[in-house]
Amino acid sequence: MNLGAALVDGLRDMVAVPSVVYALGAIGLNIQFGFAGLLNFGSVASGLVGAYGASIAVDQGLPLWVGVIIGLAAAALLGLLLGLPTLRLRADYLAIATISAAEIIRVIVNSARLQDVTGGPIGLTGGADDFFAVNPIPEGRYGWGSFSFNQNTLWTILVGWTIVIVLCLFVWGLARSPWGRLLKAVREDEDAARSLGKNVFKLKLQAFVLGSVIGGIAGIIFMFDGGFVKPDFFVSQTTFNWYLVVILGGVATVLGPPVGAIVYWFVISVLNSVLTQVIGDGWWIFDTTDTGAIRYVLVGLTIVLLLVFRPQGLLGDKDEAVIGE
Amino acid sequence: MVLVALLALVASASLLSSLAGAQEPNPTAPTTTAPTTTAPTTTAPGGVTGPAITTTLTAGKGGEPIEGVVVTVSRDGEQIGRATSGPDGTLTIPVPESGQYQVTLDKKSLPDGVEVQKGAPSTLTPFVQASGSLPVVFRLTEAGQADSGGGPSDVERLTSLAASGIRFGLVIALAAVGLSLIFGTTGLTNFAHGELIAFGAIVTWYLNAPNGGLGLPLLVAAVGGILASGLFGASFELGVYRPLRRRGMPVVSQMVVSIGLAFALRYLFSIVFGQSPQQYAQYAAQSPTVSLGPVSLRPKDLVITAVAFACLIAIGLFLQRARLGTAIRAVSDNRDLSIASGIDDQRVILIVWVVAGALAGLSGIMLASSDSTSWNMGQRVLLVTFAAVVLGGLGTTFGAMVGGLVVGIVSDLSTFWLDADLKIVVALATLVVVLLIRPQGIFGVRTRTA
Amino acid sequence: MSDTTHAPDDGPILIADGVHRSFGGVRAVDVEHMEVERGSVVALIGPNGAGKTTFFNVLTGFERADGGTWRFEGHDVSGQAAYAAARVGMVRTFQTARVFPRLSVLDNIRLAAKDQKGEHLRSALFPWVWRRQEAALGERAAELGRWVGLGDKLEDRAGTLSGGQRKLLELARGVMAAPRLLMLDEPMAGVNPALRQLLLDKIRELPGEGITVLFVEHDMDVVSAISDVVVCMAEGRIIASGTAGQVASDPRVIDAYLGGSSGDLRDMADELAPVVDELYADGRTPDSTDSDGTDSDGTDSDGARP
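Report on the accompanying structure. (Residues numbered from 1 in each chain as written. Chains lettered and ligands numbered in written order. Predicted model: local features only at pLDDT ≥ 70, side-chain atom pairs only at ≥ 80, totals over all residues. Heavy atoms only, no water.)

### With respect to the nonpolar core
Here is step 1 of the chain: Counting 267 residues, the largest nonpolar core has A:F33, A:F41, A:Y264, B:F191, B:F236, B:V256 and C:L171 as the members making the most contacts within it.
Here is step 2 of the chain: Looking at this core element by element, the count peaks at 16 residues for helix α11 (residues 200–224) of chain A.
Here is step 3 of the chain: Among all residues touching A:F41, those that are not within four sequence positions of it are A:A95, A:T98, A:I99, A:T239, A:F240, A:Y243, B:F191, B:M255, B:V256 and B:I259. (Core = buried A, V, L, I, M, F, W, Y, C linked by side-chain atoms within 4.5 Å. Buried < 20%, exposed > 50% of the residue type's maximum accessible area, 1.4 Å probe, protein only. Helix = DSSP H or I, 4+ residues; strand = E, 2+ residues; numbered from the N terminus. Contact = heavy atoms within 4.5 Å.)

Below, the structure written as structure tokens:
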């Protein structure tokens, strides 16, 4: 077995664009689920709306920067439309309503009827052309061996991680403000906060929309990776991967989402390489197509085990663990 | 502790598959049929296959594969590849590298009576990634399908859609009742309920299939499947949720646990059972339809409808009349009071899980009989089941039945006007609308909050 | 909302008319008329299930009313959202103290302050906008914390406090919210005798700070010690009001407590009978079950006669 190659794969994927997308998606989700305690099981929908908003705008001939604004506005609008009626619901109803809404949006975008607008199952390409056009990095491959990226991927990675850093600072600033304190209080006891004259609903809506916009950014960065959007990235599995990333890093921590994303992709990628080598053309009950499935089995088990044995994740404080006992 | 259930499952599943002997190695599943099935591979970096374009050509209501259709791939006007669809309607054309290609379907090669759907393109321009095959979809239709002259009349179509909606609704209601009972007694919304559904169907397949299974008659296999899923339900409670409740884990976290559990189980099924859908042995062949007035039904659908209906009546009577049923309702209504009056709530909850597991298994077996067994069949109906439960009011059993019927009929009837792939949208939209207008459901009652 | 009153400084601070609320056909609250005098300490008493807490919930917007109006400081506030009721100056506490366990005691109190600039999302990221106010509120919060005797616990997490200390924290937090009317739901429930006197003294001080007090209480000792006016509810209605002595000797009140007309306790006894029988059958003594049932009327007859 070639462990070295597997490690290099892991190192590459831990900084590559999917990791950026997961970090961003998890930052958004962490604001909703972590800080505000809102069980959004459809958070991938904001990514979809952001990515498609931008792509459709570009497809219709608008410049990319306008597209990005449209995409983020669409994500904000989604947060508002979904949040206004659902945030008064109980946690389980909120979860069901959001996962359903996300599924509705994905199926509609996927529908062949809308092929002219959304590209149907095939999706849209060319959305990122303007972004690559302003790439200051000269053409070529950068890195060593399989740890290397072409100029466009490198450009997306650099911009992506910069956004992650900026957003972490943003979340840090919010978390230490009285607004963040109030959010924490609301998560602990809504009624007590109401009894003190706090507009709990408005606060939740703000957190929900904020998370949705950041999810939209995740979607747009996803589009920059390869320059196309397809509906099948935005399935509910992605939402739950983001949940794992949030829980792994540490719920309601500032650096939890990027740390969770990096660890997630490193482990997943090393595992993928090792499994591919071990299983090869088939071993015991496994065959070559099963490596992806094994990875998801582990994702699911890790969610369960983390919640049971380490609800504070990697970075959280045991006493602060908001999802544990 | 949590692992127990999973390990038991792996063990029993691998035992079953070794009993099955030399099971055919799974061919790479054609991934064009349902976008959700592509999930395990889409985001995996560094796949091993080279870039390719693949498509599956089908037409008609049953999605019969079309053989012998010619598709060409070109780039900048230069032809790169060409293939003819096989007996399963699929074809794959490798391409040299990532980029944009034109994929053209040769209309002249289509068999008589099949044409490209009106308004749909016969040339697609997908963007292929550096690795993996990219599925593309051509929308074909059987000629004359649109004319009302040759086909069934609107009334006939509507009544047969209503009939299939009733069947689907009743089958969903079976699973929904269990979901609702679990919620009522424990407060948990079990997102792993879909896996209980799939488990019943899959176990039954292993017991029933002549190749790769034990070859038992379907009825016997179904009884086995129901028993197994009842036990599986019990293992959820004993292995996962009861210990979590004892630890005082909040319900919201338990829901996230159920998601993780669903994830792990679903992909475990895909490893053990494989990714291609399978049909039960005795029902694989098409049988002549039975006519009931304007409705014509396949006999198996008639049986399914009748059995589902009978089971729902039975469970309703059980909850109303039987001692145990009364205890279940008491725990749902007021756990503290029922404990005070001497009911062993933990035992009641365990029984609820067994009943819910068995009902979900039965529902899965019925879904698999009228269609096919697949590893992710539970996930596909989970949200519809939620819709049924929420529509009727979370925690009310009668509501779950009515909710199932409403969702089934509304979504099936919607295909009269809308594309079939929007069926799920209609079901879920019904759910969302109900949540917004009447969150307690049609039959739920607002409760005192103090 | 500023602290200046927009209403005349005399007259009742709260007037409720025709407020009612039913659950499944049972009238939990059915109050024809009730007033709370400005600057007074008013006790709301009544047997279990009389509708006191539901009445509190309705007035403070935590529960919807089926009908009726209530005016606070001369403004119609009927049916307002809970946070809006608190903002106009009706601040309530809960039967079991509800603190924010993962916030410090100081932050629990500070959070209650109104009009915090840093609580707006638009200024949250700009500390220079809110830093000065934050510091001032911190001082005020620390002062209130010391006022209720939690001075050495200010930095501790509220989750580490005992039940009685939580009640004290809730009181400090309620005062921090600058109420005109502070509504305390069983402020003495679960408070140990050592802290009781402290809590009583603090509540007695409130009218001097311009805060009117309306509180729900079972313990007649407490009621007669600190209240100016006692209002008694039974089966959702107000059946008597006056001084502690007047109310306690009112035959309707005695009736209500002893179950003469209400049947409330008798119903409860009927309900409990099979349970008690079963416990007997198990060979256990029933003395653990009777404390709840007899507590209220026992203390009632003791403390009611001055």
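Read on for the rest.
### Overview of the packing of aromatic side chains
Here is step 1 of the chain: Applying the stated rule across the entire model yields 34 aromatic pairs over all chains.
Here is step 2 of the chain: Ring centres of A:F240 and A:Y243 lie 6.1 Å apart, and the angle between their planes is 35 degrees; on these two criteria the pair is classed as tilted. Of this pair, A:F240 and A:Y243 are both found in helix α12 (residues 236–249), three residues apart, which corresponds to roughly one turn of the helix.
Here is step 3 of the chain: By relative accessible area, A:F240 is classed as buried at 4%.
Here is step 4 of the chain: Note on A:Y243: relative accessible area 1%, which makes it buried.
Here is step 5 of the chain: Above the ring of C:F62, the side-chain terminus of C:R92 is found at 5.0 Å from the ring centroid.
Here is step 6 of the chain: Its end group placed over the ring of C:F94, C:R98 keeps NZ or CZ at 4.8 Å from the ring centre. (Phe/Tyr/Trp six-rings, centres within 6.5 Å; stacked < 30°, edge-to-face > 60°. Lys NZ or Arg CZ within 6 Å of the ring centre and 35° of its normal.)

### Details of the pairing of strand β9 (residues 229–234) of chain C
Each regular strand displays side chains that alternate between the two surfaces of the sheet.
Residues and elements named next belong to chain C.
Here is step 1 of the chain: Counted residue by residue, β9 has five buried out of six residues, so it is predominantly covered.
Here is step 2 of the chain: Examined bridge by bridge, strand β3 (residues 41–45) and β9 share four bridges and lie parallel to one another. Counted as the bridge partner of A43 is V230 from β9.
Here is step 3 of the chain: Two elements, β9 and strand β10 (residues 237–242), share five bridges in a ladder whose sense is antiparallel. Each residue of the ladder has a partner; that of C232, found in β10, is A240.
Here is step 4 of the chain: Remark: two residues form the turn of the hairpin made by β9 and β10, two consecutive strands paired antiparallel; E235 in that turn has positive phi of roughly 50 degrees. (Pairing = 2+ DSSP bridges.)

### Focus: the packing of helix α2 (residues 17–35) of chain A against α12(A)
Residue and element names in this part refer to chain A.
Here is step 1 of the chain: Direction vectors running N to C along α2 and α12 enclose 75 degrees, while the axes themselves pass 8 Å from each other. By the angle between their axes, α2 is roughly perpendicular relative to α12. Residues V21, Y22, G25, A26, L29, N30 and F33 of α2 pack against T239, N241, W242, Y243, V245, V246 and I247 of α12.
Here is step 2 of the chain: The residue makeup of the contact of α2 with α12, split by class, is 10 nonpolar, four polar and no charged. (Axes fitted to C-alpha atoms, helices over the stretch in contact; angles between N-to-C directions. Parallel < 35°, antiparallel > 145°, perpendicular 65-115°, else oblique. Nonpolar A, V, L, I, M, F, W, Y, C, P; charged D, E, K, R; others polar.)

### Quick word on a nonpolar patch on the surface
Residue and element names in this part refer to chain A.
Here is step 1 of the chain: The grouping of L77, L80, L81 and L84 at the surface amounts to a nonpolar patch, some 360 Å² of accessible area in total.
Here is step 2 of the chain: Checked against the element boundaries, L77 lands in helix α4 (residues 64–86).
Here is step 3 of the chain: A relative accessible area of 47% means that L77 is categorised as partly exposed. (Patch = residues over 30% accessible without salt bridge, like charges linked within 9 Å, V, L, I, M, F, W, Y side chains within 5 Å. Areas by Shrake-Rupley, 256 points an atom, 1.4 Å probe, with all protein chains shown as cover. Salt bridge = Lys/Arg side-chain N within 4 Å of Asp/Glu carboxyl O.)

### Describing the interface of chain A and chain B
Here is step 1 of the chain: Each partner contributes to the interface: chain A provides 66 residues, whereas chain B provides 70 residues.
Here is step 2 of the chain: For the pair chain A and chain B, the summed buried surface comes to about 5,900 Å²; carbon and sulfur atoms form 74% of the total.
Here is step 3 of the chain: The interface formed by chain A and chain B includes zero salt bridges.
Here is step 4 of the chain: Where chain A touches chain B, the interface holds three residue pairs in polar contact (both at pLDDT 80 or more).
Here is step 5 of the chain: Elements supplying a minimum of two residues to the side of chain A that touches chain B: α4, α5 (91–110), α12, α13 (256–279) and α14 (291–309) of chain A.
Here is step 6 of the chain: Looking at side-chain class alone, the side of chain A that touches chain B contains 38 nonpolar, 16 polar and 12 charged residues. (Buried area = accessible area lost by both parts, 1.4 Å probe. Polar contact = N/O pair within 3.5 Å; in protein donor to acceptor, adjacent residues only side chain to side chain.)

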